[in-house]
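Structural characterization, general
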Amino acid sequence: MFSNIARYVLLFLCIAVIAGKRAESKTHHDPVYGDALVVGTIGEPSVLIPMLATDSASHDVAGLIFSGLIKYDTDLSIIGDLASSWDISPDGLTITFHLRKDAFWEDGTPCTAHDVLYGFKTITDPSTPTAYAEEFKQVLRAEAVDDYTFRVTYRERYAPALTSWGNMAVLPRHVFEGTLLQTSPLVRKPMGNGPFRFKEWIPGDRLVLGASPSYFLGRPYLDAYICRFIPDPATLFLELRSGTIDFMALTPLQYARQTATDFFQKNFNKYTYPSFSYTYLAFNFLHPWFQDKRVRQAIAHAIDKKEIVEGVLLGLGEIATGPYVPHTWPYNPDVPQYTFDQQRAAALLDAAGWHQIDTDGVRIKDGARFEFTILTNMGNSLRMNTATIIQWRLAQIGIKVKIRVIEWSTLINEFIDKKRFEALLLGWSIGVDPDQYDIWHSSKVRNKELNFISYNNPEVDRLLEAGRRTFDIDERKRIYGTFQSILAEDVPYIFLYVPYALPIVHRRFHNIHPSPIGITYNLYRWYVPRDMQRYRLSP
Amino acid sequence: MMERNTFYAFVKRLWRNKLAATGLCIVMLLCAIAAGAPIIAPYNCNAIDVKSILLPPSFQHICGTDELGRDVFSRMVYGSRISLAVGFVAVGISTILGTLIGAIAGYFGKWIDSFLMRCVDTMLCIPDIFLILTVIAFVGENVFNIMVVIGFTSWMGVARLVRAEFLTLKEREFVLAARAAGAGDARIIFIHILPNALGPVFVSAVLGVASAVLVESALSFLGLGVQPPDPSWGNILMQGKDNIETAWWLSVFPGCAILLTVLGYNMLGEGLQDILQPRLKNTR
């Protein structure tokens, strides 16, 4: 094979180079300015204002342009960002933020409490098309006490209060006041207060951010952050290998197999950490078959989650048992589990009235064949493979599954919002706070709301309401523990897996410290030693 | 009309034409594989085995395994059924439709001809693959729809061929004789002219199978064709693309299968053309 020969030649060269460079790579460098990070992504952002963004591609970039009052530390605790400190009143209803005085917008205007108040007013304005208004509607009163003091008072005790003051509700008032946010051209070329500034966006090609010299934690060492949009994972990977991309998220196959070469070990660093997300199979509760708990439990017994984690994620993930990520404080490992047991599944289906079987081996009840469609989004081969495994396993217990892969916005607008689906294979990114009122509460079933499966369990409603009204972490742990047990017993979703995030970064970038919140939290501290710098930004 | 001894003569000439004979052998081999799939395939083509993901070719799996540990050879064998079925049904539809439209246009002429040929021109303006993608997006992606859509978007070539044949044939004496004997339009079209116009139609149908197989593979490659778990050469290739550096067998084997099939039909088609229309030999 020619490729094998080429690989050996390459291997030889790598070994030769490693032998020559080993001594040098150990030396310690002082951080220096310069160079650019080229990130390759599959998705292109849609807007760059955090409160308007609904996709992770937009949030990733917007998060570098906008800083909020608070942020997460590497141990998942809350630390100040724009806020240098805050006080919480003894009754837990009022939070007073004290803002740093050295934060500025891009044009040099100081970033003050009035900007936070303006952001708050915008996000709670019913005409603003945002998905995040709910947590700000809990606020009774918000006020800018002086230029650098911002105070909010809540109607009732609201546990996720503090965490909601990230970068969602901070906007430059002097720029936006008097304009309509959603129609403003600044939505796609914003002015921010974060470590990077918007420079250029060529749709379908790339987005360029430059370092902000006035960033309050110090100018980033990197001159630029360039995001290239390459909608195909295989092409993205080839770009990485040819050196035109420095940073991307790998698929498990790319992580375990394709980057297991000397070339990648020499030139790149790979990281793994559990992502704050899980993948699930959801049932539509408006469909009569899935209203029967035995049917949902039977399907849960027929799916081998271990097989999926092993086969689809190649072991680079964990089995999910509920809507929280293992090893975080709300996670409850002692919930009812559904072991892979086809006899049990068959017995449950028999009990639910699906005992007749037709000539194709498909179960029948009242003349209807047990046949349903799983919808999933296009462009995610992990979900596609997961769906194929589920399809194969369910066929073995007499359920015929069709898989339909639909482009993202069509899936949301035409199928999920209109509740035109039987089952969905999708994922949720979750926050650090365990409040999941929006996803599970029976009041959240209207158009565009997130309980699109129409789940309704009064006990779950009660727990969700109680969970957000106390600050006592043990009490919350107990409440959300019970909540997870009920979900596990009731199976509105089959929680499948928590995938690991698998970023890969070119080796020339220093100061990367992996943590539970990922690696990009200190992007403004990354640097490239001068002799390894590759790009120079032309003025 | 072709009679028995002329049929034998035809087969003899076909066999003597090396191009056509080779093509025919390949096509027959593929048909045999498709028909005998359950006997030939060593594994259930949909059986997932996460313990043997992306294994290279070996004695257990002669073409290796895919991302879900399924046997690639078995999937290719079953995939040949889909490729051939799509080829034949799509070409069946396009040939019948094209012949009908071409015959009507060529026979009646005047404004009917102008109208139908402008329809053909309009259809030809739109690049095939985009037209098919658009239609598939509306009607939903499954094997049946693909066959029908390919059929309904590839009849224009046949229509032009048949019309051209009809334009010359309708002026011939035997048509005049039939009309003098009191034959109606339908009788003249179907009984008298059409059988004489079938040679080029036959050739274009055989060539059409090759292009239908390619279109099906392309659609499946784009994820708009045959849906999982059904195997098709195109969707095996799609997996191959993502693993091209570490699992060459996912691209090479289905790629070769497509190549061989298209080659087979093209050779047969070219050979038939030599035999049936020697006068056209150097005009293509």
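Residues numbered from 1 in each chain as written. Chains lettered and ligands numbered in written order. Predicted model: local features only at pLDDT ≥ 70, side-chain atom pairs only at ≥ 80, totals over all residues. Heavy atoms only, no water.

**Overview of the sheet that holds strand β16 (residues 356-357) of chain A**
Strand-to-strand pairing in sheets goes through backbone hydrogen bonds, with the strands running parallel or antiparallel. The three strands are arranged β16-β17-β18 (chain A) in an open sheet whose pairing can be described as antiparallel. Here the strands that pair on one side only, and so sit at the sheet edges, are β16 and β18 (368-369) of chain A. (Pairing = 2+ DSSP bridges. Helix = DSSP H or I, 4+ residues; strand = E, 2+ residues; numbered from the N terminus.)

**Here's the deal with the packing of aromatic side chains**
Residues and elements named next belong to chain A. The final tally for this structure, using the stated rule, is 45 aromatic pairs over all chains. Ring geometry for Tyr215 versus Phe216: centroids 4.8 Å apart, planes at 45°, classification tilted. For Tyr215, a relative accessible area of 6% translates into the label buried. Taken together, a centroid distance of 6.4 Å and an interplanar angle of 80° make the contact between Phe421 and Phe452 edge-to-face. One end of the pair, Phe421, is in the loop between α13 (408-416) and β21 (423-429); the other, Phe452, is in the loop between α14 (437-440) and α15 (458-467), and 31 residues separate them in sequence. Accessibility classification places Phe421 together with Phe452 in one group, the buried group. Sitting over the face of the ring of Phe415, Arg420 holds its NZ or CZ atom 4.9 Å from the ring centroid. (Phe/Tyr/Trp six-rings, centres within 6.5 Å; stacked < 30°, edge-to-face > 60°. Buried < 20%, exposed > 50% of the residue type's maximum accessible area, 1.4 Å probe, protein only. Lys NZ or Arg CZ within 6 Å of the ring centre and 35° of its normal.)

**Concerning the confidence of the model for chain B**
Residue and element names in this part refer to chain B. Mean pLDDT for chain B: 88, with 96% of residues reaching 70 or above. By mean pLDDT, helix α1 (residues 4-16) is the weakest element of chain B at 79, and helix α2 (residues 18-35) is the strongest at 93. Across the whole predicted complex the pTM is 0.84, and at the interface the ipTM reaches 0.80. (pLDDT = per-residue confidence, 0-100.)

**Things to note about unusual backbone geometry**
All names here are of chain A. In the Ramachandran plot, Leu76 falls in the positive-phi region, its phi being about 75° despite a non-glycine side chain. In this structure, Asn511 takes a positive phi of about 75° despite not being glycine. With respect to the helices and strands, Asn511 occurs in the segment after β23 (503-506). A residue is classified by how much of its surface remains accessible, and Asn511, at 27% relative accessible area, is partly exposed.

**Here's the deal with the environment of Gly98 of chain B**
All names here are of chain B. Tracing the backbone shows Gly98 in helix α4 (residues 72-108). Between the alpha carbons of Gly98 and Met156 there is a distance of 6.0 Å; along the sequence they are 58 residues apart. Those residues in contact with Gly98 that lie beyond four places of it in its chain are Trp155, Val158 and Ala159. (Contact = heavy atoms within 4.5 Å.)

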